[in-house]
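Examining the three-dimensional arrangement
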Amino acid sequence: MLKLDHTHDPYQNAALIQEYVETSTNEQAVRQAEQLLHDSAFVAPRRDPHLSRTLRSMISPLFLTNRDKYILPLTPAFVTPRDEIRPSWFGRLNHEFERLISEVEIVDVTSYGAVGDGQTDDTQAFIDALGDGHRQVHVPAGTYVVRGIRLPSYTILTGAGKGKTILKMHDKAPKGRRLVTNQNYLLGNHHLLVEKMTLDWNIKRIGDAKKSSTWGNHSSCLTYAHVTYGWVFDVEAVNPGLHCFDISTPYYNYNGDGARANLSSSFIWFDGLTGSGFGDDGITTHHSDHLFISNCFMHDPSGRAHAEGFSNSNGIEIDDGSRDVWLFNNATSRCFGGLEIKAHATSSAASTVKIVGHLSIDDHRAFNFRHIGHHQATDPMSQTAYNIIATRLI
């Protein structure tokens, strides 16, 4: 029987999935699924442009709630010559990546006083190295103790590899502190890349606390909130109080089905990520658009963000208000839920989600697509739970 332990390489997901599926290629599978949904009577129609919606989209960033119920249209997947699935907007993402590379100067965090001995507080060295952005900060092998890192726009944070470069939360950092996040939640940030390192939230510092997180999207290893054009490649996250990786808005929104939080993130790519020991979810998304998650492996949560006996820790959770999310060749193991597409009753459902390849091994519940509070015939019909394609699920 297939087992995935903590040493599993997520770039092997594709080969393992291929062993168990009937379709010979990803392209064949996704085209069949796209056609089935295209022919379905339940596909949410694309709305024509309207002046009132245009004005509302301009005004809504001034408020925390956007009540535009617009369901983003399904767009065909792009398939590379190597049979890899890519979002329809992948060319735009690549263009912005090249722009990021051209906008940064290379510096080394040790030139600013970082020690990386697992004991010295290196927070100020990272602040100085990052400056006002437009820098690629190299972080050599070592364990760097920090009280949290906030990334300005046009920043690349590059380590020496998983398990080699470790960013570890300081013993005296508050429980609600995020280990790595962007600098400005109100105005937003853009063009951020974190790669080749391990993020250790250092859960031992909170002792035997019954709950490992505080509120909202705090207490995570990495959070992108109100970020446009962001990448995270080949990063490991361990033992966060809440999530390993979160694509989000600064604040969650529970103002009803059809309402979404403003200040969303968009055009984000997570690839080659691994995570374990998470208090809630491994990878999660909220109220954000145009997201791509590929070749990731989330496993063995702690569940400590929930009351004992009530854990709902999912390996990957596409949550409230997420739109146009693409998932390709991911894996989960020994989680309460492997992959969940959902929303709370008082928020908008995730919509327009494409899944091509997912390996769920020893998860309590492999796959779950739901809008809480809209299940039964007597429940109100969901206004937002539309357009999910799922193929090559193991």
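Residues numbered from 1 in each chain as written. Predicted model: local features only at pLDDT ≥ 70, side-chain atom pairs only at ≥ 80, totals over all residues. Heavy atoms only, no water.

Here we take up the overall build of the chain. Secondary structure summary: the chain contains five helices and 27 strands in total. Taken over the C-alpha trace, the chain has a radius of gyration of 20 Å; the compact-globule value for 394 residues is 21 Å, and the two agree within 12%. Seen through its principal axes, the chain has C-alpha atoms that stretch 60 × 55 × 45 Å. By the burial criterion, 58% of the 394 residues in the chain qualify as buried. The long-range share in the chain, meaning contacts at least 24 apart out of those at least 6 apart in sequence, stands at 75%. When the accessible surface of the chain is split by element, carbon and sulfur atoms take 53% of a total near 16700 Å². (Helix = DSSP H or I, 4+ residues; strand = E, 2+ residues; numbered from the N terminus. Rg over C-alpha atoms; globule rule 2.2 N^0.38 Å. Buried < 20%, exposed > 50% of the residue type's maximum accessible area, 1.4 Å probe, protein only. Contact = heavy atoms within 4.5 Å. Areas by Shrake-Rupley, 256 points an atom, 1.4 Å probe, with all protein chains shown as cover.)

Turning to the pattern of salt bridges, a few remarks are in order. Counted under the stated rule, the structure contains 14 salt bridges. Close ionic contact of Arg-135 with Glu-105 constitutes a salt bridge, the shortest N to O distance being 3.5 Å. With a gap of 30 residues between them, Arg-135 in strand β6 (residues 135-138) and Glu-105 in strand β4 (residues 105-108) connect regions that are remote in the sequence. Of the charged contacts in the structure, one is a salt bridge between Arg-260 and Asp-289, with a shortest N-O distance of 2.9 Å. Taken together, the residues span a long stretch of sequence, with Arg-260 in strand β16 (residues 260-261) and Asp-289 in strand β20 (residues 289-294) at a distance of 29 residues. Take Arg-260 and Asp-289: they sit in the same class, and that class is buried. When salt bridges with common partners are traced through the structure, they connect Arg-31, Glu-34 and Lys-354 into a single cluster. (Salt bridge = Lys/Arg side-chain N within 4 Å of Asp/Glu carboxyl O.)

Moving on, we get to the nonpolar core. One recurring pattern in soluble globular proteins is that nonpolar side chains are buried together. Counting 55 residues, the largest nonpolar core has Leu-167, Phe-245 and Phe-270 as its most contacted members. The next biggest cluster of nonpolar side chains, apart from the first, holds 22 residues, and it includes Trp-89, Leu-93, Val-104 and Ile-156. (Core = buried A, V, L, I, M, F, W, Y, C linked by side-chain atoms within 4.5 Å.)

On to the side chain of Asn-182, then. Structurally, the position occupied by Asn-182 is in strand β11 (residues 180-182). Residue Asn-182 is classed as buried on the basis of its relative accessible area of 0%. Polar contacts involving the side chain of Asn-182 include one to the main-chain carbonyl oxygen of Ala-225, which spans 2.8 Å. Discounting chain neighbours no more than four positions away, the residues touching Asn-182 are Arg-150, Leu-151, Asn-189, Leu-192, Thr-223, Tyr-224, Ala-225, His-226 and Val-227. (Polar contact = N/O pair within 3.5 Å; in protein donor to acceptor, adjacent residues only side chain to side chain.)

Moving on to the sheet that holds strand β24 (residues 337-341). Within the open sheet, the eight strands sit side by side as β8-β11-β13-β15-β19-β22-β24-β26. Their pairing is parallel. Only two strands of the sheet have a single partner each, and these edge strands are β8 (149-151) and β26 (365-369). Looking at each pair of strands side by side, their axes are set apart by 10° on average, direction ignored. (Pairing = 2+ DSSP bridges. Axes fitted to C-alpha atoms, helices over the stretch in contact; angles between N-to-C directions.)

Summed over all chains, the structure comprises 12 aromatic pairs. Note on Trp-215 and Tyr-251: the rings are 6.4 Å apart at their centroids and 15° apart in plane angle, and the pair reads as stacked. One end of the pair, Trp-215, is in the loop between β12 (189-200) and β13 (222-225); the other, Tyr-251, is in the loop between β15 (245-248) and β16, and 36 residues separate them in sequence. On the basis of relative accessible area, Trp-215 is assigned to the exposed category, the value being 51%. Residue Tyr-251 is classed as partly exposed on the basis of its relative accessible area, which comes to 47%. Summarising the aromatic geometry, the rings of Trp-269 and Phe-292 are spaced 5.3 Å apart at their centres and angled 25° between planes, so their arrangement reads as stacked. Of the two residues, Trp-269 sits in strand β17 (residues 266-271) while Phe-292 sits in strand β20, which places them 23 residues apart along the sequence. Each member of the pair Trp-269 and Phe-292 is classed as buried. An aromatic cluster is defined as three or more aromatic residues linked by ring pairs; in this entry it consists of Phe-90, Phe-97, Trp-231, Phe-233, Trp-269 and Phe-292. The positively charged end of Arg-86 is found above the aromatic ring belonging to Phe-90, 5.2 Å away from the centroid. (Phe/Tyr/Trp six-rings, centres within 6.5 Å; stacked < 30°, edge-to-face > 60°. Lys NZ or Arg CZ within 6 Å of the ring centre and 35° of its normal.)

Another point: helix α5 (residues 123-130). Turning to α5, its buried residues are Thr-123, Ala-125, Phe-126, Ala-129 and Leu-130. Projected onto a plane normal to the axis of α5, the buried residues spread over an arc of 165° and lie on a single side. Phi turns positive one or two residues past the end of α5, at Gly-131, with a value near 55°. (Arc of directions from axis to C-beta.)

With that settled, consider helix α4 (residues 90-102). Taking 1.5 Å as the rise per residue, α4 with 13 residues should run 18 Å; its terminal C-alpha atoms sit 19 Å apart, in good agreement. Within α4 the residues assigned to the buried category are Phe-90, Leu-93, Glu-96, Phe-97 and Leu-100. An end-on view of α4 places all buried positions within 120° of arc, on one side of the element. In this structure, α4 carries Gly-91, His-95, Glu-98 and Ser-102 as exposed residues pointing more than 90 degrees from its buried face. The inward-facing, buried residues of α4 abut β3 (85-86), β9 (155-158), β12, β14 (227-238), β17 and β20. (Expected span 1.5 Å × (residues − 1).)

Across the chain, the average pLDDT comes to 92, with 93% of residues at 70 or higher. Taken as a whole, residues 56-65 scores under 50 in pLDDT and shows 16 contacts with residues more than four places along the chain or in a different chain. (pLDDT = per-residue confidence, 0-100.)

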